[in-house]
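Here is what each chain is made of, one letter per residue.
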Amino acid sequence: QVQLVESGGGLVQPGGSLRLSCVASTFTFGYYPVAWFRQAPGKERERVSCISGNPSLTNYADSVKGRFTISRDTTKRTVYLQMDSLKAEDTAIYSCAMTGYGCSAGPHEFSGWGQGTQVTVSS
């Protein structure tokens, strides 16, 4: 089974940027869609973005369109989430997961969840 590990979170001021990484334990990772999710205390988990295997088609939640960019480097077994123009509302724990059913899959059809990385946007 594939294990994913997230990194890159931290504390940033509003308007700042962060780049998150999601690293897989096997190259098989490259054949599957991968999504970034986030969850803040008291809030439901939200799917932020998803990228397909090949071709690398992408989609984004309306709340992050134009500010976040998802990408994949198969040779490094890594999916990235570039986050620009960060807002306080983006504060959450960000996690990544994969699915064999396409980016249209529901949250329960994603697996390989990492422990997440904390993103805090505050002045």
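The rules behind the values
Residues numbered from 1 in each chain as written. Predicted model: local features only at pLDDT ≥ 70, side-chain atom pairs only at ≥ 80, totals over all residues. Heavy atoms only, no water. Helix = DSSP H or I, 4+ residues; strand = E, 2+ residues; numbered from the N terminus. Buried < 20%, exposed > 50% of the residue type's maximum accessible area, 1.4 Å probe, protein only. Pairing = 2+ DSSP bridges. Axes fitted to C-alpha atoms, helices over the stretch in contact; angles between N-to-C directions. Core = buried A, V, L, I, M, F, W, Y, C linked by side-chain atoms within 4.5 Å. Disulfide = S-S within 2.5 Å.

Draft legend 1. Structural view of unusual backbone geometry. Unusually for a residue other than glycine, R77 sits at a positive phi of about 55°. Position of R77 relative to the elements: it lies in the loop between β7 (68-73) and β8 (78-83). Residue R77 is classed as partly exposed on the basis of its relative accessible area of 26%. In this structure, S85 is a non-glycine residue whose phi angle is positive, near 50°. Tracing the chain through its elements places S85 in the loop between β8 and β9 (92-98). The exposure class assigned to S85 is partly exposed, which follows from its relative accessible area of 41%.

Draft legend 2. Structural detail: the sheet that holds β9. Sheet architecture is open: six strands sit in the order β2-β10-β9-β4-β5-β6, paired in mixed fashion. Looking at strand neighbours, the two that pair on one side only are β2 (10-12) and β6 (58-60), the edges of this open sheet. The average undirected angle you get between the axes of adjacent strands in this sheet is 25°. Pairing geometry for strand β5 (residues 46-51) and β6, over three bridges, is antiparallel. The partner of C50 across the bridge, within β6, is N59.

Draft legend 3. Here's a closer look at the nonpolar core. With 25 residues, the main nonpolar core has W36, F68, L81, M83 and Y94 as its most contacted residues. When contributions to this core are tallied by element, the ones reaching two or more residues are β3 (18-24), β4 (34-39), β5, β7, β8, β9 and β10 (117-121). F37, C50, A97 and A105 belong to the second-largest nonpolar core, a separate cluster that totals seven residues.

Draft legend 4. Structural context of the sheet that holds β7. Strand order across the open sheet formed by four strands is β1-β3-β8-β7, with antiparallel pairing between neighbours. The open sheet has two edge strands, β1 (4-7) and β7, and neither has a second partner. Neighbouring strand axes in the sheet, compared pairwise and without regard to direction, differ in orientation by 15° on average.

Draft legend 5. Expanded view of the state of the cysteines. Here the structure, examined in full by the defined rule, presents two disulfides. The disulfide bridge from C22 ends at C96, spanning 2.0 Å between sulfur atoms. Its S-S torsion of approximately 85° makes the covalent link between C22 and C96 right-handed. Of this pair, C22 sits in strand β3 while C96 sits in strand β9, placing them 74 residues apart in sequence. The same class applies to C22 as to C96, namely buried. Disulfide pairing places C50 opposite C103 at an S-S distance of 2.0 Å.

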